[in-house]
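A structural walkthrough
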Amino acid sequence: MLTAHRAERADLLINPLVRLLATPLPDVFSPEVVAVPARGVERWLTQQLSRSLGAHSADGIAANILFPSPAQLVADVLAAAFGVAPEDDPWTSDRLVWTLLEVIDDSLPEPWCAVLADYLGANDDGDSHRRGRRYSTAATVAGLFTSYGDNRPAMLSDWAAGVDSDGAGQPLQDDLAWQPALWRVLRDRISLPSPAERLTDACTRLIDEPGIAGLPDRISLFGPTRLPRTHLAVLEALAARRDVHLWLTHPSPAMWNKLSGRTPTTRRADDDTALLVSNPLLMSLSRDVRELQQRLPATAETIHYAARDPGGTVLAKLQNDIRNECRPGPDERIPADDSVSIHACYGPARQVEVLRESILHLLENDHTLEPRDIIVMCPDIEMFAPLVSAAFGQHGAKHPGHRLRVRLADRSLGRTNPLLDTVAGLLRLADGRVTASEVLDLAAKAPVARQFRFSSENLETLRRWAAAAGARWGLFEAQRQQFGMATVRQNTFSTARDRILLGVTSDESDLAWLGVILPLDDVDSTDADVAGRFAEYIDRLGSTLARLAGPHPAEEWTTLLEQALDRLTDVPSPDAWQRAQASRELAGATRHARNVSLRLADVRALLASLLEPRPTRANFRTGEITVASLVPMRSVPHRAVALLGLDDDAFPRAASASGDNILARDPCLGERDPRSEDRQLLLDAVMSATEHLIVCFTGADPVTGERRPPAAPLADLIDAVSATVEDRHKVVTRQPL
């Protein structure tokens, strides 16, 4: 049986979940399965369950519980139904991209592949920049095919049968005809039906043979706001013979009741449910949950857990209007308070300073409020991370805000592991001009500086020498060949190196030309050690970049990058994990590549995808203020929720509009829309704040002072708050520069 449990906040679902899990499974050794959308939710949920499970007071234990993602849960179930081990399935994304890359290479001469051939420069000369798009193109198309299988499995089934449809009853447009042709060649190359083709048979088998899934008699999914069509089909098949529980954070029981019983449309363009609701925030921000409700199976039983009296603050009134799905009335205005504070600031740096003062104000006024009760979320964690680090937790600083400790989550691997950042830097240098600033910045990276024993004083000396010796760009003459200056030795690092070394050995009283080299003045004999280490650094860097220049098989690239780390970097014993992680990530990136040849641009694209920020459970709920992206903690309640960076040019986050994405041409209900997802995140953040909501955005240009409007979703929130309070002029506080 499929049961949908819903409440306005995730904490209201904890007690019902505890009561469910407190009843042991028939097999007491079988683990409970609770799928979660993000690692942050996993940690919060584990902490909440450990307060109640197995105890009569808040000292219980949460053990023998598995927390897969919904995608992993569905993938494992389908693999079991197909009789294919998940790690051996050729249709998994980490395998599919390499097979697709080979298929694209072989298909470029075909007439139907003319679009791809032109984009990849198949008919261009060997130095065309288009030839470096192979891996990024294959990865993009593989992602599209995977998305098609998750959201419109009928489309891929039609393609397998030779029908070029969009999976929703319409034929494909002519400019997209290359995709089904390419997919069919890929399907023939893999020689195994795709998951979309096997979905119907797999669901039938899950119903007829429930034990084949390898799951306990009950499973739960906690906190999803969007479920692809494939996930819903699998969950419905599982629910035929076991208990499947969906734990949904839905902002408005009134909206749920209003939309219940409606026949859902297929296309998003035909969906008019936004016109049926009265609350302006629900109208503009709740598309994801509205579509999820419409797509739930009609046989699902729903249970609602009502929220307690929210109180009389502005935030409580705002949430109550959302809950009751009503428009704020002019006769129900209340005085403004600090439960909702919105700040227009001069740029990101000022936003962080205002946030710090706001948090200090809350902590000063409420001594029961602790740092662990505060969550800070922003659309771009990498942009705000250094600003937050500078404003909080600086030892020795006199400002009280520096005594507040924060934990930055969702950082990219390049930020948390300097070795991987060094690899990315080397790949950027390999076919670039190799400017003086790039070479010296690379030398200043901690692993490189440790390998060559460069102290901060040494680095300043090297910068002074490089400027005085005329080093501008290029390591050697040969490295300048691609720029048509192979015979020009002046202003290269090899010339600067020779001048520095001769400056060490020459008599300062007579700095005459030695051949074509003029010894560098201001280099003492005591600097011989630093000069020698610098010369060794230049030589090793040059030989390393030369090895990275040409195309190589994918596995050879892994070896070359490992050798580059051995030659140029070193880490202390406490940080040895960085080397192990770098080796593991580099090997894993090409694990299924076989002998596919990759150019430098392909490897850069591969590493860029590897180093993208991704949610983990690290640094979540550690007892300190958590600073994270808007994804992982979106439905986790906190006493104080702060939002940074809701600027007009940054939120909702811009999604690259791909004209090749069939789903985006005319989307169906439930299909992912990043901008709609960000709007839902804002609504989730508003509902998850139990006492205070702080919002900061750039309301004026920090250089010109020109006023800037808030992001459209934030403007909707400002309008809703303005309609709630008596004095609307107090809603937005314009902070000074």
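Up top is the structure.
First, a word on scope: everything that follows refers to the structure included in this document.

Conventions adopted
Residues numbered from 1 in each chain as written. Predicted model: local features only at pLDDT ≥ 70, side-chain atom pairs only at ≥ 80, totals over all residues. Heavy atoms only, no water. Buried < 20%, exposed > 50% of the residue type's maximum accessible area, 1.4 Å probe, protein only. Helix = DSSP H or I, 4+ residues; strand = E, 2+ residues; numbered from the N terminus. Pairing = 2+ DSSP bridges. Axes fitted to C-alpha atoms, helices over the stretch in contact; angles between N-to-C directions. Parallel < 35°, antiparallel > 145°, perpendicular 65-115°, else oblique. Contact = heavy atoms within 4.5 Å. Nonpolar A, V, L, I, M, F, W, Y, C, P; charged D, E, K, R; others polar. Salt bridge = Lys/Arg side-chain N within 4 Å of Asp/Glu carboxyl O. Expected span 1.5 Å × (residues − 1). Phe/Tyr/Trp six-rings, centres within 6.5 Å; stacked < 30°, edge-to-face > 60°. Lys NZ or Arg CZ within 6 Å of the ring centre and 35° of its normal.

1. Some words on the pairing of strand β13 (residues 638-643)
- In terms of burial, β13 is largely enclosed, as six of its six residues are buried.
- As paired strands, strand β8 (residues 374-378) and β13 are joined by four bridges and run parallel to one another. Residue pairing for β13: V376 is matched across the bridge by A642.
- For β13 and strand β14 (residues 689-698), the ladder comprises five bridges, and the chain directions are parallel. When the sheet's bridge partners are listed, A642 is paired in β14 with I694.

2. A few points about the packing of helix α21 (residues 456-468) against helix α23 (residues 528-547)
- Interhelical geometry of α21 versus α23 gives an angle of 75 degrees and a closest axis separation of 11 Å. If you check the angle between α21 and α23, you find them roughly perpendicular. Residue-level contacts link N458, L462 and W465 of α21 to V530, A531, R533 and F534 of α23.
- Residue composition of the contact of α21 with α23, by class: five nonpolar, one polar and one charged.

3. Considerations on the pattern of salt bridges
- The full count for this structure, using the stated rule, is 46 salt bridges.
- A salt bridge links D105 to R134; its shortest N-O distance comes to 2.7 Å. On the criterion of sequence distance, the pair formed by D105 in helix α4 (residues 93-107) and R134 in helix α6 (residues 134-151) is long-range, its members being 29 residues apart.
- By relative accessible area, which is 14% here, R134 ends up buried.
- A salt bridge links R639 to E691, with the shortest nitrogen-to-oxygen separation between them at 2.9 Å. Here the residue R639 occupies a position in strand β13, and E691 occupies one in strand β14, the gap between them amounting to 52 residues.
- Overall, the relative accessible area of 29% leaves E691 in the partly exposed class.
- Taken together, the shared-partner salt bridges connect D366, D373, R639 and E691 into one network.

4. Thoughts on helix α2 (residues 39-50)
- Its 12 residues place the ends of α2 17 Å apart at the C-alpha level, agreeing with the 16 Å of an ideal helix rising 1.5 Å per residue.
- Listed in full, the buried residues belonging to α2 are G40, V41, E42, R43, W44, L45, Q48 and L49.
- In this structure, the buried residues of α2 make contact with α1 (14-22), β2 (32-35), β3 (65-66) and β4 (218-222).

5. A short note on the sheet that holds β2
- One open sheet holds the six strands; their spatial order is β3-β2-β4-β5-β1-β6, and the pairing between them is parallel. At either margin of the open sheet sits one strand with a lone partner, and together these are β3 and β6 (301-304).
- Pairing of β4 with strand β5 (residues 243-249), which is carried by five bridges, proceeds in the parallel orientation. Counted as the bridge partner of R218 is D243 from β5.

6. Concerning the pairing of strand β1 (residues 2-7)
- Most of β1 is tucked away, with six of its six residues classed as buried.
- Going residue by residue along β1, you find L2, A4 and R6 tucked away on one face and T3, H5 and A7 tucked away on the opposite face as well.
- Strand direction decides the pairing type here: β1 and β5, joined by six bridges, are parallel. Among the inter-strand pairings, L2 is bridged to a residue of β5, identified as V244.
- Looking at chain direction, β1 and β6 are connected through four bridges and run parallel.

7. Quick word on the sheet that holds β8
- Taken together, the seven strands give an open sheet; going across it, the order is β9-β12-β8-β13-β14-β7-β15, and neighbouring strands pair in parallel fashion. In this open sheet, the two strands that pair with only one neighbour each are β9 (406-408) and β15 (732-734). Mean inter-strand twist for the sheet, computed between neighbouring axes without regard to direction, equals 20 degrees.
- The strands that helix α14 (residues 314-324) touches are β7 (340-345) and β14; relative to β14, the one it contacts most, it runs at about 95 degrees.
- The strands that helix α28 (residues 674-688) touches are β8, β13 and β14; relative to β14, the one it contacts most, it runs at about 140 degrees.

8. Points about the packing of aromatic side chains
- Counting across every chain of the model gives 11 aromatic pairs.
- Measuring from centroid to centroid gives 6.3 Å for W159 and W183, while their planes differ by 65 degrees, and the two rings are edge-to-face. Residue W159 is located in helix α7 (residues 153-160), and its partner W183 is located in helix α8 (residues 178-190); the two are separated by 24 residues in the primary sequence. This pair shows no difference in class: W159 is buried, exactly as W183 is.
- Ring pairs connect the aromatic residues W91, F145, Y148, W159 and W183, which therefore count as one cluster.
- When the ring centre of F82 is taken as reference, the NZ or CZ atom of R198 above it lies at 3.8 Å.
- Between the NZ or CZ atom of R433 and the centre of the ring of W473, over which it lies, the distance is 4.1 Å.

9. Here we look at unusual backbone geometry
- Omega for the bond connecting F651 with P652 falls within 30 degrees of zero, at -5 degrees, which places this linkage in the cis form.
- Here P652 is to be found in the loop between β13 and α27 (662-665).
- Of note, S191 is a non-glycine position whose phi angle comes to about 60 degrees, a positive value.
- Assessed through its relative accessible area of 57%, S191 is described here as exposed.
- Despite not being glycine, R453 has its phi angle at roughly 55 degrees, a positive value.
- Among the secondary structure elements, R453 is positioned in the loop between α20 (446-451) and α21.

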